[in-house]
Amino acid sequence: METKIFEITDNLTGPEGEGAIGRGIDIPEELSLLPIKDTVLFPMVVMPLIVSRESSMKLVDDAVVSDTRLIALATLKDPNVEVPQFSDIYGVGVVAAIHTMLRLPEHQRLIVQGLKRIRIVECIQTEPYIRVKVEEMPDVRDWTDDEDVEIEALRRNVGTAFQKVVALSPNLPDELQNVVTNIVKPSVLADTITLHLPIEIAEKQELLETVGTRERLRKLFAILLREVEVLELGSKIQSQVHSEMGKMQREYYLREQLKAIQRELGEGDERTAEVEEIKKKIAESKMPEEAEKEAMRELDRLSHMSPAAPEYTVARTYIDWLTSLPWETYTVDNLDIPLVQKTLNEDHYGLEKIKDRILEYLSVRKFKQEGEMRHPILCFVGPPGVGKTSLGKSIARALGRKFVRMSLGGIRDEAEIRGHRRTYIGALPGQIIQGIKRAESHNPLFMLDEIDKVGADFRGDPSSALLEVLDPEQNSTFRDHYLEVPFDLSKVMFVTTANVLDTILPPLRDRMEVLELAGYTEEEKLEIAKRHLIPKQLDEHGLEKTKHITFTKDGIMELIRGYTREAGVRNLERQVATICRKAAREFAEGREKPVKANAAQVHTYLGAPRYTYEELADRTDQPGVAVGLAWTPTGGDVLFVEATRMEGGKNLTITGQLGDVMKESAQAALSYVRSHSEELGIAPDFYAKSDIHLHVPAGAIPKDGPSAGVTMITAIASLLSERKVKPRLAMTGEITLRGKVLPIGGLKEKVLAAKRAGVETVIVPKENRKDIEEEVPADVRKNIKVIYVDDVSQVLHEALEPNGKKPKKR
């Protein structure tokens, strides 16, 4: 809409600087109201208008022939209203004088001049047009004479900001910058600038309704600062876009010139050469048809893409991954059974069950030369330090396969297995595909370490992702999220390790063949130390066997019995390393005579033994103490159950951080003793005035399980009958209220723990005989007396000393 700035001439100016029009004309109380849309008229401003509504044209005709030619102008709240009502109009407007009216067939053209602000009080007529009662809203001088300087500074700031807006805005003519210099009065300057600003109608109306000049200037100044900031940011963005466009056009022009020069010189295009090289790699990789089709499709996209495009690097990296995978690269398995057996025996002593399983697999491979053969998915379960991970390396070496290891401990993101989709920045394939690429072989031995320690959170469950990887029926078409093409994992030999089976997802556990490594006997540890641990530590410390240090058999046994008590050999290796360090220091300080690491020398280097066999005898020296056997994730262990009696009234106290199952076993044990007190030689009323306290030491360690039932009943019976438990005797088994002894698990670990602790006799449930005979090594069975029982009476008969023996006084 075109506008014209009205300048007040000298002959129209009064002594206060107000225009004669604004000062000399009286505003009638009643005026005809002309609604206007999409604009706001301000005092002292001339504006052209087009009137086309029939009622508005009638209003103009009547106003032109009147004496004053004054009308009220107010803005519509909603410009889409076709037939405005009084409620559709803002309550503040201006009184305007009609200077010119040109009638045309369909509309009227007006030039009006705003005079003064008015407040619309009420509507007095609606037909044929709206007439209203109004009251004048004179400008308020909201500052004192002392604040004139502040008003002048505010006026100048508003003017400067408006000049910036005009300079930055492409829609405002540059002539508007003269407004600041031509208009001196602050109120007129504020109204004129507001009219021309490209801001919302609601903001213009708010400034119209503000009668205080200083407040109006402040509001206008805030709006101007905002517009300057927006325009400057837009100009900056536009400049950057122009710069980028210019740079791209320049690069394109130079690239086309380079192509033309290369054609003239007879040289090939670099991009074409790159595409041909990638095609050659795709052909040489011998990937399956589906993968090759995907690679060629991506290469076609790449050839039509600018190297500067963000997608170029993503597509190139994807093709590189596809071409670098060993689609048809295999290692040949070593099928020489005696040689494989020799290799396995060189690396590990014992572990006959696992070695037999590998040899059986190779034997089948040797006879089945044609067709598909399912590879075993083995899971080695056992306590720490028994050689699960090193056994995987040994199997790979014996078979002649590449070895890849991935630790699953603490992994919580499913993408670690399946990879990330290419829509993400920095996406990569999962660790399975990455391991295959590192191995550079399609059939490596892939070890998934610590599979029992996989977690799950909002990012997914890696255990569920492993269901496909470890299923021979599914892993032949394994799809990584990044590759999005099938990759055959059926030729990969997967080996997993775990300390416990309970935390492994049941469907995942069902897919694996579990082989348990219970722990080593003393004789096995002795051989492992001789064959592997001692040579390794001598080499790491720069010592020679005959020149510097020699370990004797009694020295190694002293290390095993007195300084370690574990299922594996890690602590044993640490103790050997300690001896080697101390010997190396002595040689560094000038020693020349070789060290003979016998039992006495071990004591000199390591101090007093941590574990002694006398502990069993000392702690079971009086009635009320029995020795039990427990299974732990790190192997087996012995535990003591102590019972004592005091005056009280039928209370049973159970301590030692026991679980609910053990507490129930203690209750059952006491109930059995009370119901069979006469048979056991105990006074029938022993519980009437007594309290029984049952305690399992090592109270900081949580304990649970039913296998301590026979131990608890033996401790209580020993206490009340004043008969000691036989020395170096331990037991395990679940009991019932009827006195039956039920079978339990973990027999091998428990018997080995008893052997390590110096136990000579073990009482076990009769139904566990098969476990003892199949799982416990023959040399251990030879050195430990095993008593099989199926009733509590048999347990007490074998465990307690005869009635004639009285406990020794301490």
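Parameters at a glance
- Residues numbered from 1 in each chain as written.
- Predicted model: local features only at pLDDT ≥ 70, side-chain atom pairs only at ≥ 80, totals over all residues.
- Heavy atoms only, no water.
- Helix = DSSP H or I, 4+ residues; strand = E, 2+ residues; numbered from the N terminus.
- Rg over C-alpha atoms; globule rule 2.2 N^0.38 Å.
- Buried < 20%, exposed > 50% of the residue type's maximum accessible area, 1.4 Å probe, protein only.
- Contact = heavy atoms within 4.5 Å.
- Lys, Arg positive; Asp, Glu negative; His and termini not counted.
- Charge placed at Lys NZ, Arg CZ, Asp CG, Glu CD.
- Salt bridge = Lys/Arg side-chain N within 4 Å of Asp/Glu carboxyl O.
- Pairing = 2+ DSSP bridges.
- Axes fitted to C-alpha atoms, helices over the stretch in contact; angles between N-to-C directions.
- Polar contact = N/O pair within 3.5 Å; in protein donor to acceptor, adjacent residues only side chain to side chain.
- pLDDT = per-residue confidence, 0-100.

## Observations regarding the overall build of the chain
Turning to step 1, where the next piece is worked out: Assigned secondary structure in the chain consists of 28 helices and 24 strands.
Turning to step 2, where the next piece is worked out: Taking 2.2 N^0.38 as the reference for a compact globule, 810 residues should give roughly 28 Å; the C-alpha atoms of the chain span a radius of gyration of 49 Å, well beyond that estimate.
Turning to step 3, where the next piece is worked out: With respect to the principal axes defined by its C-alpha atoms, the chain has extents near 140 × 95 × 65 Å.
Turning to step 4, where the next piece is worked out: Across the 810 residues that make up the chain, the buried fraction comes to 48%.
Turning to step 5, where the next piece is worked out: Residue pairs at least 24 apart in sequence account for 74% of intrachain contacts in the chain once pairs closer than 6 positions are excluded.
Turning to step 6, where the next piece is worked out: On the chain, the mean spot of the 112 positive side-chain charges and the mean spot of the 130 negative ones are 9 Å from each other.

## Some remarks on the pattern of salt bridges
Turning to step 1, where the next piece is worked out: Following the criterion strictly, the structure yields 40 salt bridges and no others.
Turning to step 2, where the next piece is worked out: For K116, the salt bridge identified is with E136, shortest N-O distance 3.2 Å. In this pair, K116 is assigned in strand 5 (residues 108–125) and E136 in strand 6 (residues 131–136), connecting sequence segments 20 residues apart.
Turning to step 3, where the next piece is worked out: With a relative accessible area of 37%, E136 lands in the partly exposed category.
Turning to step 4, where the next piece is worked out: A salt bridge links E203 to R226; the nearest nitrogen and oxygen atoms lie 2.8 Å apart.

## Quick notes on the sheet that holds strand 7 (residues 378–381)
Turning to step 1, where the next piece is worked out: The strand order 8-9-12-7-13 describes an open sheet built from five strands, whose pairing is parallel. Lying at the two open borders of the sheet, with one neighbouring strand each, are strand 8 (403–407) and strand 13 (513–516). When the angles between neighbouring strand axes are averaged without regard to direction, this sheet yields 20 degrees.
Turning to step 2, where the next piece is worked out: Sheet topology note: the strand 8/strand 9 (residues 445–449) ladder contains five bridges and is parallel. Each bridged residue has a counterpart across the sheet, and for S407 the counterpart in strand 9 is D449.
Turning to step 3, where the next piece is worked out: Strand contacts of helix 13 (residues 388–399): strand 7, strand 8, strand 9 and strand 12 (493–498), with the helix running at about 175 degrees to strand 9, the strand carrying the most contacts.

## Section: the side chain of Q108
Turning to step 1, where the next piece is worked out: Along the chain, Q108 falls in strand 5.
Turning to step 2, where the next piece is worked out: Within the structure, the side chain of Q108 is placed 3.5 Å from the backbone oxygen of M57, a separation counted as a polar contact.
Turning to step 3, where the next piece is worked out: Separated by 2.9 Å, the side chains of Q108 and D61 make a polar contact.
Turning to step 4, where the next piece is worked out: Residues contacting Q108, with those up to four places away along its chain left out, are L49, I50, V51, M57, V60, D61, M101, L102 and R103.

## With respect to the confidence of the model for the chain
Turning to step 1, where the next piece is worked out: For the chain, per-residue confidence averages 82 on the pLDDT scale, and residues scoring 70 or more make up 93% of the total.
Turning to step 2, where the next piece is worked out: Per-element confidence in the chain ranges from a low mean pLDDT of 47 for helix 1 (residues 20–24) to a high of 93 for strand 23 (residues 761–765).
Turning to step 3, where the next piece is worked out: Predicted confidence for residues 1–23 stays below pLDDT 50, and this span has 31 contacts to residues more than four positions away or in other chains.
Turning to step 4, where the next piece is worked out: Scored below 50 in pLDDT, residues 804–810 shows eight contacts in the model against residues more than four places distant or in partner chains.

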